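Fold and contact review
What follows is the residue order along each chain.
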Amino acid sequence: MRRIGPRDGNGGGGEPSGTLADAIKQTFGGFAKLKEQLSNAATTQFGSGWGWLTVANGKLEIGSRPNQDSPVMDAKVPILGVDVWEHAYYLKYQNRRPDYVTAWWNVVNWDEVARRFAAAL
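These lines cover the structure that appears in this document, whether it is placed above or below. Since we're looking at a predicted model, the values are computed, not measured. (Residues numbered from 1 in each chain as written. Predicted model: local features only at pLDDT ≥ 70, side-chain atom pairs only at ≥ 80, totals over all residues. Heavy atoms only, no water.)

Okay, the packing of aromatic side chains next. Two numbers describe a pair of aromatic rings. These are the distance of the centres and the angle of the planes. The full count for this structure, using the stated rule, is five aromatic pairs. Geometrically, the ring pair formed by Phe 31 and Trp 105 is edge-to-face, given 5.9 Å between the ring centres and 90° between the ring planes. With Phe 31 in helix H2 (residues 31–43) and Trp 105 in the loop between helix H4 (97–104) and helix H5 (110–120), this residue pair connects regions lying 74 residues apart in the sequence. For the pair Phe 31 and Trp 105, a shared accessibility class is recorded, and that class is buried. Arranged with centres 5.7 Å apart and planes meeting at 80°, the rings of Phe 31 and Trp 110 form a pair that is edge-to-face. Residue Phe 31 is located in helix H2, and its partner Trp 110 is located in helix H5; the two are separated by 79 residues in the primary sequence. In terms of burial, Phe 31 and Trp 110 fall into one category: buried. Among the aromatic residues, those joined into a ring-pair cluster are Phe 31, Trp 104, Trp 105 and Trp 110. (Phe/Tyr/Trp six-rings, centres within 6.5 Å; stacked < 30°, edge-to-face > 60°. Helix = DSSP H or I, 4+ residues; strand = E, 2+ residues; numbered from the N terminus. Buried < 20%, exposed > 50% of the residue type's maximum accessible area, 1.4 Å probe, protein only.)

As structure tokens, this is what we get:
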């Protein structure tokens, strides 16, 4: 799995479409709510870890995991992860994790997330 982040400058961002967008609307009430909840999960993760958008039993879920722990440990399929280990953001954002998470949304490859969502179903 190729990781991209705000420091990579590989484009991305925007909002998902199609089946993924429909599932987000049904589960979270819309993209803005997904963005709010996943940002909160990533920003409030104590110490190093990840914020995750996963699929469990055919439904989207948001969560966070410490350190190197994976949602796979809980039988969930990760389709989007926000890396909140210091190495992901410290050089550019220092201790401003919320600023990093805000910038991270600008590089999300929604086509890839949609592909992973379809595969998880």
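Additional details are given in the paragraphs that follow.
For the rest of this paragraph, the subject is the pattern of salt bridges. Under the definition given, this model contains six salt bridges. Between Glu 61 and Lys 76 there is a salt bridge, with the nearest N and O atoms lying 2.8 Å from each other. Separated by 15 residues along the polypeptide, Glu 61 in strand E2 (residues 59–66) and Lys 76 in the loop between E2 and strand E3 (77–83) bring together distant segments of the chain. Residue Glu 61 is classed as partly exposed on the basis of its relative accessible area of 28%. Its salt-bridge partner being Asp 99, residue Arg 96 comes within 3.1 Å of it at the nearest N-O pair. (Salt bridge = Lys/Arg side-chain N within 4 Å of Asp/Glu carboxyl O.)

Turning our attention to H5. Since one α-helical turn is 3.6 residues long, residues separated by three or four positions face the same way. Every buried residue of H5 is accounted for by Trp 110, Val 113, Arg 116 and Phe 117. When H5 is viewed along its axis, its buried side chains cluster within an angular range of 120° and face the same direction. In H5, those exposed residues whose orientation departs by more than 90 degrees from the buried face are Asp 111, Ala 118 and Ala 119. On the buried face of H5, the contacting elements are helix H1 (18–28), H2, strand E1 (49–56), E2 and E3. At the N-terminal boundary of H5, the capping side chain belongs to Asn 109, with an oxygen 3.2 Å from the backbone nitrogen of Asp 111. (Arc of directions from axis to C-beta. Contact = heavy atoms within 4.5 Å. Polar contact = N/O pair within 3.5 Å; in protein donor to acceptor, adjacent residues only side chain to side chain.)

With that settled, consider the sheet that holds E1. Ordered by their spatial adjacency, three strands build an open sheet running E2-E1-E3, and the pairing between neighbours is antiparallel. At either end of the open sheet lies a strand with only one pairing partner, and these are E2 and E3. The sheet shows a mean angle of 25° between the axes of neighbouring strands, direction not considered. Sheet strands in contact with H5 are E1, E2 and E3, and its direction is about 150° off that of E3. (Pairing = 2+ DSSP bridges. Axes fitted to C-alpha atoms, helices over the stretch in contact; angles between N-to-C directions.)

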